[in-house]
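Reading the structure
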Amino acid sequence: MISTKRKSVLVKARTSAMNPFIHLNVKKNPTGNRWKRMLVKVFFSDVCSLQRMPLTFFPRASSFFIYMSDLVRYQPAFRLKSYICVCNQIGSMNENVLTKLKILAESAKYDVSCASSGTVRSNKPGMLGNTVGGWGICHSFAEDGRCISLLKVMLTNYCIYDCAYCINRRSNDLPRATLSVSELVELTIEFYRRNYIEGLFLSSGVVRSPDYTMERLVRVAKDLRQVHRFNGYIHLKSIPGASRELVNEAGLYADRLSVNVEIPKEENLKLLAPEKDHKSVFAPMKYIQQGVLESKEERQKFRHAPRFAPAGQSTQMIVGATPDSDKDILRLSSALYQRPTMKRVYYSGFIPVNEYDNRLPALKQPPLVRENRLYQADWLLRFYQFKVDEIVNDTYPDLDLEVDPKLGWALRHPEQFPVDINKADYEMLLRVPGIGVKSAKLIVVSRRYSRLGTEQLKKMGIVMKKAQYFISCHELPVRTINEVSPEAVRQILTRKAGRKKTDDRQLILQFREES
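Residues numbered from 1 in each chain as written. Predicted model: local features only at pLDDT ≥ 70, side-chain atom pairs only at ≥ 80, totals over all residues. Heavy atoms only, no water.

**Section: the packing of helix α3 (residues 181–193) against helix α4 (residues 210–227)**
For any two helices packed against each other, the geometry comes down to the angle between their axes and how far apart the axes lie. One can describe the packing of α3 onto α4 by two numbers: an axis separation of 9 Å at closest approach and a directional angle of 40 degrees. Judged by the inter-axis angle, α3 sits oblique to α4. Classified by chirality, the crossing of α4 by α3 is right-handed. On the side of α3, the interface is formed by V181, L184, V185, T188 and I189, while α4 contributes R216, R219, V220, D223 and L224. Residues that form the contact of α3 with α4 fall into these classes: 6 nonpolar, 1 polar and 3 charged. (Axes fitted to C-alpha atoms, helices over the stretch in contact; angles between N-to-C directions. Helix = DSSP H or I, 4+ residues; strand = E, 2+ residues; numbered from the N terminus. Parallel < 35°, antiparallel > 145°, perpendicular 65-115°, else oblique. Left-handed = near helix turned anticlockwise from the far one by under 90°. Contact = heavy atoms within 4.5 Å. Nonpolar A, V, L, I, M, F, W, Y, C, P; charged D, E, K, R; others polar.)

Set out below in C-alpha cells:
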C-alpha cells in the first residue's frame, strides 16, 4: 500500500500479483473542486499495456504528470508488473538549477527581440497550455493591458566567440553556467504549471560549433512538444552558421525563430566580431523563409500538415556601437521587411558592458532616445506607407532627436500642407502629425455622413496639439505651418514645460541675419 496525503486530499494506490490494476480511493474536500486540478506525478516501471487511455497520456519517460481528475477518470488504465508510486504535488526545484537560472537569466537580458508574436495555438485535449494571439511576451503589455511573462533564459553563457559588444564574450571574467536539456525542460514545465510564465524564449552562447549548439536548442523544443506535450509559446534563437537541417527541424517545434544581424554594415561587424560575417547570419534567415513558404503550400494541399514557425522570424540590430547612421540601419530594415516572413526588426541601444575595449565608443548611457526614434521610423515603414528615402536620405542621414520622424518629415515638406480633413485621401491623412492609423480610418468613415470639425477630431483621439498646424476643416482654420513657418512650429512643439511661454496668438517675424 502506497499513500500520500496533502491538506484534505488523500490518494491511495495498491497493486497485487492477482490484480495488477491500480485502485484509487480519493477523499476530496466537499467545499470545492480544486482537487481536480491538482497535479499528480506518476512514477512507473515496466509498463505492460494501456487500456482505455488517450495516446496523449502515454508515458515516454520514467515519470509523467497528470491532473487528479484525469487520473481518477482513467484509474483502471494502468497495468503494471511491479508497483506505482503516486505523489500529489511537484517536488521542490533543485537549488543548483535555480543558481544556474539566475546566472543565465542575467546573461540573456540584453537580447530585446522578444515580444508579442500574434501566433495562435489553441488548447487541445491531453496537451499542456495554449498560446493566445495578440498577447505580449516577456513582460510586454497586451492590447487589453495585461502583462504576460516569458521564461527568458540562455542554455549556456559559455561562448567561443569574442564579440566586443557582448557581455558573454570569451575573454570576459564572469560567472558561467550551462543547463542540460532535461534541466531546462523540467524548469520550463514547472514554471508553466505554477503560472509564472506563458512560454519560453531560449537563446545560447556558441559552444564547440554552431551545429552542436543548435542541436541542443532543438532538443529542448522537441522534448517540450513531444514528450511533455507542451502547447505554449516557444521562441528559439537560431545560431548563425547552423546547418539547414537543424534550422528546418527547429521550425517544426518553435512558434518563432530569430537570427540577430547585430551590426548593419559587414565591415563594422568584422571590426567588432572578427569570427562572424553577414553570410552566416542571412543563410539561416533564408532557410526559415523557405521553410515557412513551403509549409504554407503544403497546408493548402493537406489541411493537417505541420506548421513551420507560424509566427515568422525576427532580428535585432545594435544602435550606437558603430558609426552606422540611421539611414544605414533603416535601409537594411526596409530590405528585410520585403521578405514575406520577416515580422519584426528590433533595435537595441548599445549598453557599454565592456568599457575596457577601445574599439567601442565611450558612452555614459545607452542612446535610448535614438532607439525610440528608430522604432517610430520602423512603424512608419510598416504601417504608414512611408519609404526609407522619405524619412532619411543623404541630406538627413540621421533622425532628429527632438521631434518624431513623422513630424520631422512634415516640417521639411510644408508644401504638402494644410490637408483638408474632409477631402484628403487615406494615404495623405496618414502623413499628418497627430493622426494615427485608427484615427485616419475613422475620419474616412465619419466624413461620409457629415463634415468634420475640431470637436469631432478630438473625440476620435487625434492629437490636435500637433495636427492643428497641418490640417484644415470647415471651421475657421488655425494658423497653419505655411503661415507660422516650420521653424516656429518646431519651437512651439519642442518647448519644454516650465519655461516662460509666449502667447501663440502673437505674430512672430523671422529675420535673417545678413552676412
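**Overview of helix α9 (residues 368–383)**
Relative to the 22 Å expected for 16 residues at 1.5 Å per residue, α9 spans 22 Å between its end C-alpha atoms, a close match to the ideal helical length. What α9 keeps buried is the set R370, E371, R373, L374, Y375, A377, D378, L380 and L381. In this structure, the buried side of α9 is in contact with β15 (313–319), α8 (326–337), β16 (342–349), α10 (388–391) and α11 (405–412). (Expected span 1.5 Å × (residues − 1). Buried < 20%, exposed > 50% of the residue type's maximum accessible area, 1.4 Å probe, protein only.)

**Section: the pairing of strand β12 (residues 199–203)**
Among the 5 residues that make up β12, 5 are buried, leaving the element largely enclosed by the rest of the structure. The two faces of β12 match: G199, F201 and S203 on one face and L200 and L202 on the other face are all buried. Sheet analysis places strand β11 (residues 151–154) next to β12, joined by 4 bridges and oriented parallel. The residue of β12 that forms the bridge with M154 is S203. Sheet topology note: the β12/strand β13 (residues 233–237) ladder contains 4 bridges and is parallel. If you follow F201 over to β13, its bridge partner there is H235. On the question of chirality, the crossover connecting β12 to the parallel β13 by way of α4 is right-handed. (Pairing = 2+ DSSP bridges. Right-handed = clockwise from strand over helix to strand, strands pointing away.)

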